[in-house]
There are 2 protein chains.
Amino acid sequence: MDPVKIIEIKKSVFEDNDKDAAALRSELKQKGVYLLNLMSSPGSGKTTTLIRTINLLKDKLRIAVMEADIDSDVDAVKIKDATGIQSIQLHTGGMCHLDAEMTRQGLAGLDLEDVDLAILENVGNLVCPAEFDTGSCRNAMILSVPEGHDKPLKYPLMFSVCDLVLVNKIDVMPYFDFDLEKCKEYVHLRNPRAEVIPICAKTGEGVDAFADWLLREVNSWK
Amino acid sequence: MDPVKIIEIKKSVFEDNDKDAAALRSELKQKGVYLLNLMSSPGSGKTTTLIRTINLLKDKLRIAVMEADIDSDVDAVKIKDATGIQSIQLHTGGMCHLDAEMTRQGLAGLDLEDVDLAILENVGNLVCPAEFDTGSCRNAMILSVPEGHDKPLKYPLMFSVCDLVLVNKIDVMPYFDFDLEKCKEYVHLRNPRAEVIPICAKTGEGVDAFADWLLREVNSWK
């Protein structure tokens with residue numbers, strides 16, 4: 001298999017990220033490309049979740065993935081090997097987040113003519129990525145059970161900006177003090193309209209609900 | 001019980017953080033106060049680990065804790081209730097890290113005359129906190145088993161700047177694909193001198209080794 005494309009993205013020169021993000025969103029709308037910004041802590045299972053989801057959706061949608069990482073191309077290779085879709089790696093050069101211009105640099109590395117759904121796997125971090133609009137149509141995040149149900153109390157902005165919270169690793173719920181109802185309550189404290197979908201990326205449980213959500217989203221964007 | 005002190009720390013005005021950090025370290029040396037900077041992802045078990053460790057050490061050392069968080073005072077209250085030691089909350093006002101000046105503002109809220117060991121629980125984040133010298137004597141970090149053993153490959157700087165890596169939640173090792181030997185290998189790739197101590201903060205397993213490490217460190221600082 002060919003090595004994956006690696007793009008070294010540069011720090012943005014734009015002062016007004018919100019304006020730039022709105023412009024990017026409007027360009028994506030014209031091209032009929034739906035962009036999802038997926039955020040989480042390190043090790044919450046973003047890549048495994050994406051592989052499961054893409055394999056459920058790849059016959060219905062043309063999907064591409066951008067894997068943002070400070071270093072390494074582990075994730076982009078994993079996605080490409082496991083799903084066969086377009087997958088590229090974005091190196092952030094130590095930056096802890098992506099903004100709209102950096103996302104645009106990533107999108108330029110994809111063949112967008114062939115894409116209905118582009119997914120940006122943001123840098124693993126619950127703080128900085130939430131501060132920057134990437135130009136995505138929606139923000140989603142993964143909270144994994146071992147991290148604890150109190151995270152919406154501690155990382156308020158992340159949960160305020162997300163339209164969807166995937167609660168991953170529900171298979172290990174018996175071994176952790178994680179209260180799903182409390183988690184939903186805390187999420188809704190930050191964003192009353194956020195959807196919460198419990199999943200287990202390892203076994204596939206619940207991933208079909210995320211795939212359905214994505215399919216609805218992409219179809220309503222066209 | 002009295003409510004914990006909450007300090008709203010301000011963004012640093014110093015241009016040269018490294019210089020400021022070295023100055024702070026030298027002031028702490030004069031005062032005989034050892035400062036540990038403890039970093040990790042959100043939900044890795046920093047607070048639970050500290051409670052266990054402090055209860056093992058509080059008859060041997062005078063300990064104080066600064067809990068940095070974007071919001072909430074959950075952690076400082078937990079530490080105070082469970083150990084009875086000096087514990088204050090630092091609110092970072094959305095900032096994703098602490099630098100030396102912010103740490104200095106925190107230390108000013110402690111009664112340092114009565115402290116041998118001050119512990120800074122940094123913001124839960126594997127990226128930004130690693131970029132700023134806080135003025136601490138040592139950096140330590142917690143990597144929890146559910147996050148995966150590949151994290152030193154993905155967050156190189158964090159593992160380069162840490163003298164000690166605590167691998168937490170080893171009780172759930174059977175439920176995750178976590179290879180401790182591979183983890184050690186990856187940690188040493190980033191910092192050949194880093195110590196790795198496997199622990200389970202929930203059951204207390206291995207925490208005595210961390211307490212011994214701290215005791216040696218503090219005694220050699222005097």
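Up top you'll find the structure we're talking about.
To start, this report covers the structure provided alongside it. (Residues numbered from 1 in each chain as written. Chains lettered and ligands numbered in written order. Predicted model: local features only at pLDDT ≥ 70, side-chain atom pairs only at ≥ 80, totals over all residues. Heavy atoms only, no water.)

### Focus on the overall build of chain A
Helix and strand counts for chain A stand at 8 helices and 8 strands. For a compact globule of 222 residues, the expected C-alpha radius of gyration is about 17 Å, and chain A comes in at 16 Å, within 12% of that figure. Counting only C-alpha atoms and orienting by the principal axes, one finds that chain A spans roughly 45 × 40 × 35 Å. The buried share of chain A, taken over its 222 residues, is 62%. Within chain A, residue pairs in contact and separated by at least 24 positions form 77% of the contacts whose partners lie at least 6 positions apart. Of the roughly 8800 Å² of accessible surface on chain A, 50% is carried by carbon and sulfur atoms. A gap of 2 Å separates the mean positions of the 26 positive and 36 negative side-chain charges of chain A. (Helix = DSSP H or I, 4+ residues; strand = E, 2+ residues; numbered from the N terminus. Rg over C-alpha atoms; globule rule 2.2 N^0.38 Å. Buried < 20%, exposed > 50% of the residue type's maximum accessible area, 1.4 Å probe, protein only. Contact = heavy atoms within 4.5 Å. Areas by Shrake-Rupley, 256 points an atom, 1.4 Å probe, with all protein chains shown as cover. Lys, Arg positive; Asp, Glu negative; His and termini not counted. Charge placed at Lys NZ, Arg CZ, Asp CG, Glu CD.)

### Points about the packing of helix H2 (residues 46–57) of chain A against helix H3 (residues 74–83) of chain A
All names here are of chain A. Between H2 and H3, the shortest axis-to-axis distance is 10 Å and the interhelical angle comes to 25 degrees. Judged on the interaxial angle alone, H3 and H2 are roughly parallel. Our pair here, H2 against H3, has a crossing hand that is right-handed. Residues Thr-47, Leu-50, Ile-51, Ile-54 and Asn-55 of H2 form the contact with H3, whose participating residues are Asp-75, Lys-78, Ile-79, Ala-82 and Thr-83. Partitioning the contact of H2 with H3 into residue classes produces 5 nonpolar, 3 polar and 2 charged. (Axes fitted to C-alpha atoms, helices over the stretch in contact; angles between N-to-C directions. Parallel < 35°, antiparallel > 145°, perpendicular 65-115°, else oblique. Left-handed = near helix turned anticlockwise from the far one by under 90°. Nonpolar A, V, L, I, M, F, W, Y, C, P; charged D, E, K, R; others polar.)

### Some details on the packing of aromatic side chains
Inspection of every chain in the model, using the stated rule, returns 6 aromatic pairs over all chains. For the ring pair Phe-176 of chain A and Phe-176 of chain B, a centre distance of 6.5 Å and an interplane angle of 75 degrees mean the geometry is edge-to-face. Here Phe-176 of chain B lies in the loop between strand E7 (164–168) and helix H7 (180–190) and Phe-176 of chain A lies in the loop between strand E7 (164–168) and helix H7 (180–190), a pairing that spans two chains. Sitting over the face of the ring of Trp-221 of chain A, Lys-29 of chain A holds its NZ or CZ atom 4.6 Å from the ring centroid. (Phe/Tyr/Trp six-rings, centres within 6.5 Å; stacked < 30°, edge-to-face > 60°. Lys NZ or Arg CZ within 6 Å of the ring centre and 35° of its normal.)

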